[in-house]
Structures are given as C-alpha cells and as structure tokens.
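Listed here are the chains, written in short residue letters.
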Amino acid sequence: MSPVPPPKTYRVKSFGCQMNVYDGERMAELLAARGIAPAADGEEADLVVLNTCHIRERASEKVYSDIGRLVKTGDAAGKRPLIAVAGCVAQAEGDEIMARAPAVSMVVGPQAYHRLPEMLDRAVAGERASDTDMPPIAKFDALPARRRSGPSAFLTVQEGCDKFCTYCVVPYTRGAEISRPFADLIAEARLLVDGGAREITLLGQNVNAWRGADARGNDCGLDGVIREIARIPELQRIRYTTSHPNDFTDDLIRCHGEVEKLMPFLHVPVQSGSDRVLKAMNRSHSCDSYLRLLDRVRAVRQDIALSGDFIVGFPGETDADFEQTLRVVDAVGYAQAFSFKYSPRPGTPAASMGDHVSQEQMEHRLQRLQAALNRDQLAFNQASVGRTCSVLIERRGKKPGQWLGKSPWLQSVWFEGDHAIGDIVEVELLEAGPNSIEGRVREPAFA
Ligand code: SAH
Ligand code: SF4
Ligand code: F3S
C-alpha cells in the first residue's frame, strides 16, 4: 500500500451485541483523542472501522460485502477510505481478511483495539497491520477516560466466556472470562453519569459471573457493583445483560427486591426447552433449573419483565424437543425475546455433529416460535396499559414534539410534550402495539 494523508474524519460501524456497541464507542473516543472528527451523516469518512460480529454465518459474511461497498463508493469518488476491521470476525478470521481483502489496512481484535492509533500511524505510512493478541484488561487501562455519554450508557464489567456452549464462537473470539476491577467500574460509572448518563447497563458475555473485591477488599459479586453504583445520586436506572442461568447468586437475586434503581427487567437466555438438547449444547442447566431460577426472581420482584434467547434446529433437535421449547415459552410468558436458526460455526464442536435439521424444518420451527413470542410480547404490552411509569427519554420521535423512551420494563414508549433527551417523565400508558406503547405525560399534581 502507498502512504496516504492522515484521516480527518472517521466512522465506526458496529454490528452484533451491545458489547460491540460499547467497544465501538471506545474506539471512537480513541480516534477523537487523536483529533479525528466523526464524519457527518451522509458524508464519506476518511477512515471506516467495521466492528464485526461472528456469532452466525450471516453476520460474519456481512464484513466482506461491506468492504466491497466501501471500495466501490470510494473508487467512484476517486478516494478510498482507510478500512479497519475490528470485532469478533477480526479475531476469528484475521489472516483470512488480510489475504482476501487487500483494501483492508488494519485488522484488530476485541482485546487489542487500544492499539488502534499506532496501527493507524502504520496504515498512513502505507503498511498493513494486524493485531489479534489477547492481553486481557490491558485494553481498559490504555483507553482515554470517558467524557460524554447519552442518557442510557453501556459499561463493560466482564468480558469473555469459559462456558463453551457447543454452538458458540464467543469463547474463541472474546477469550477467557475476566472481571474488571471494582474501583475501575465505579470510576467509569461516575464519569458516564457526569457525562450525561441517567441509566447504565452493565455488560458482560456472562455479566453475572463478575467477581472481585469491593472497596473494603471483601470478595463480592455483581450485586456489590450494582449496590455501589446505585449510590451515585444522579444515576436513576441500572440494568445488566447478558446473564447466564448458572451464575445467579442469592445475593444478586435479592438485589432485584432491594435496589430500587435496578430496573425490573432480566434477560436470561435458555436456548432450548429440551434437556437432551441442552445437554448436547453443553448448557450445564436443565429446563427445570432455569424455570426455578425465574421463579426465585419473580418471588422478590413480581413485576419483573423476562427476556430470553432461543436457538431452533440445533443438530439432532426433534419435533418433540422443539415442542418442549414452546412449552417453556408458554410457562414463562416473555416480555420480549430473541430467537435464531442454528448456524454452524467453524471450529465449534456442534459444527461437526451429525443429524442436521433441514433449513425448511428450521424455518418452520422459527416461525412457530416467533409467533408464540410475539403473542406474549403483545400481551405483556397490553397488560401494561393503564399503568403510569417512569420513561427515560432517549431520542426524538418522527414528528415534531414527539419523544421516544423506555419504560422500566424496557418497552419503547412514545408520547408528546415539551421535554428533552435525558428527561425522566411520568407517563400513563394508553395504547399498546407489539413493539411500542403510546403514552401521555402525567402532569405533576402541583403544577
Ligand atoms: N453470552 C450470552 C449470549 C451469547 S450470543 C449467553 O450465553 O447467553 C447471543 C445469542 O446468540 C445466544 O444466546 C444464542 O441464542 C445465539 N447464538 C449463539 N451462537 C449461535 C449459533 N451458532 N447459531 C445460532 N444462534 C446462536
Ligand atoms: Fe456463548 Fe454459551 Fe458463552 Fe453464552 S455462555 S457466550 S452462548 S459459550
Ligand atoms: Fe457477535 Fe462477538 Fe458480540 S460474535 S454477539 S460481537 S461477542
């Protein structure tokens, strides 16, 4: 590659999970600290970071089509952007990207992106650079301090996974489970709140596996982090995701009944309702232990909204196995959920299991599952009608004077009035659809 002028503008495009969104923000902060400005909407950036996801085949293939598109529009405009590929595809297929996509000048894995500025120097000098090392924690220490934040902020507290579910690439792309130090988390939470956050979602691939030593040096779990950040006065709401059924402690469950700022919403993936399939997936929980866990949470927080993840068509899944998944859905009554067709991933144990389910069967099962989940989501929203609850305003609606925000149960609520992004307002829920609820702001009685 030949030397190029240093980029003046950047764009970070994040795909995949919320942790990628968090990483994308941190990469943007690194570039901004270098004096590079975010490209305006509709403007071509001098530097594009594709922050990729490897979880399913479709997500993974996207990176190559995106690179192709960037090259094409760049060539048409007479100037190609510098392209960096970050995220989980970079980690899993770094060498392949370097070989297959000569237009890419930087490949950087999720544990190495603090080195992006040095890599950029090399790219400007005309060299290609790849870094997929996994020195855990080092990254966080090398990142600039947080400054500005939207009303709802992500905070990575735990990263990586030691669970090795047989279908999943995350243990390979994100590495072993690590917990960030308690003091660092509290400091970052304070900076986010100072920068405008009213809500913080604590993130981890297995966020409830977080363990560390609290301010007094005592061993504690995620409940300790939640209780400590709840003491930041301007912070109004706390959430956490994604949790693993096996990593719940009594202390964490108790938090749901005791910490007012902890919102009544919990995402706990189950994947399948069949114990046989769960075993083949190496999930290390049964259908029954999962349901008992949810009962324990409901016992301390009756109004908790539950969410989950499902995979249909895991190798060997029979009609009878799938019926058991539908039974879990009926038993739980999810407020929302994500469901996916099984996608074989290179290098995972499940990819070499026989007895694959046909695409047609998978499609059929996915449709039945999603019909059941959509039914329950609508029912949950309809059951909220008539309630008055707090809504954190996250953005403007389509029409002037319209606002969009989230209820405590993570429902999208829209309404009109004279407000601002970041306001928390009391809203009466009037009319529910499957994906959003229309509300009306309740004026304070003394106004
Ligand atoms: N750490 C989280 C989430 C991991 S990825 C957890 O353990 O729950 C998010 C979701 O993607 C998973 O919960 C699972 O439902 C889905 N998923 C992961 N690998 C997949 C695969 N190979 N095919 C289809 N869906 C998959
Ligand atoms: Fe993947 Fe399982 Fe780890 Fe979740 S717990 S990230 S599904 S291996
Ligand atoms: Fe995707 Fe990596 Fe997240 S594979 S789901 S971006 S951890």
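Residues numbered from 1 in each chain as written. Chains lettered and ligands numbered in written order. Predicted model: local features only at pLDDT ≥ 70, side-chain atom pairs only at ≥ 80, totals over all residues. Heavy atoms only, no water.

Explain the site of ligand 3 to me, using residue names and the numbers behind them.
Looking at ligand 3, the residues that line it are C17, N20, T52, C53, H54, I55, C88, R174 and Q205. Along the lines of polarity and charge, the residues of the shell around ligand 3 split into 4 nonpolar, 4 polar and 1 charged. (Near = heavy atom within 4 Å. Nonpolar A, V, L, I, M, F, W, Y, C, P; charged D, E, K, R; others polar.)

Report on the packing of helix α9 (residues 250–258) against helix α11 (residues 287–300), specifying residues and quantitative values.
One way to put it is that α9 packs onto α11 with a least axis distance of 7 Å and a crossing angle of 40°. Here α9 is positioned oblique relative to α11, judged by the angle of their axes. Facing α9, whose interface residues are D250, I253, H256 and G257, α11 presents L293, R296, V297 and V300. In the contact of α9 with α11, the residues fall into 4 nonpolar, 2 polar and 2 charged. (Axes fitted to C-alpha atoms, helices over the stretch in contact; angles between N-to-C directions. Helix = DSSP H or I, 4+ residues; strand = E, 2+ residues; numbered from the N terminus. Parallel < 35°, antiparallel > 145°, perpendicular 65-115°, else oblique. Contact = heavy atoms within 4.5 Å.)

So what's going on with the domain arrangement of the protein? Residues and values would help.
Examined at the domain level, the protein breaks down into domain 1 (9–136), domain 2 (139–383) and domain 3 (388–446). If you average the C-alpha positions of domain 1 and of domain 3, the two centres end up 36 Å apart. (Domains from an automatic or database assignment.)

Talk me through the sheet that holds strand β18 (residues 402–406); I want residue IDs and the actual numbers.
Here 5 strands make up a closed barrel; going around it, the order is β17-β18-β19-β21-β20 and the pairing mixed. The average angle at which neighbouring strand axes cross in this sheet is 55°, direction not considered. The pairing of β18 with strand β19 (residues 412–416) spans 5 bridges and is antiparallel. If you follow W403 over to β19, its bridge partner there is F415. With respect to the sheet, helix α13 (residues 359–384) is in contact with β20 (424–432) and β21 (437–441), its orientation differing from that of β20 by roughly 115°. (Pairing = 2+ DSSP bridges.)

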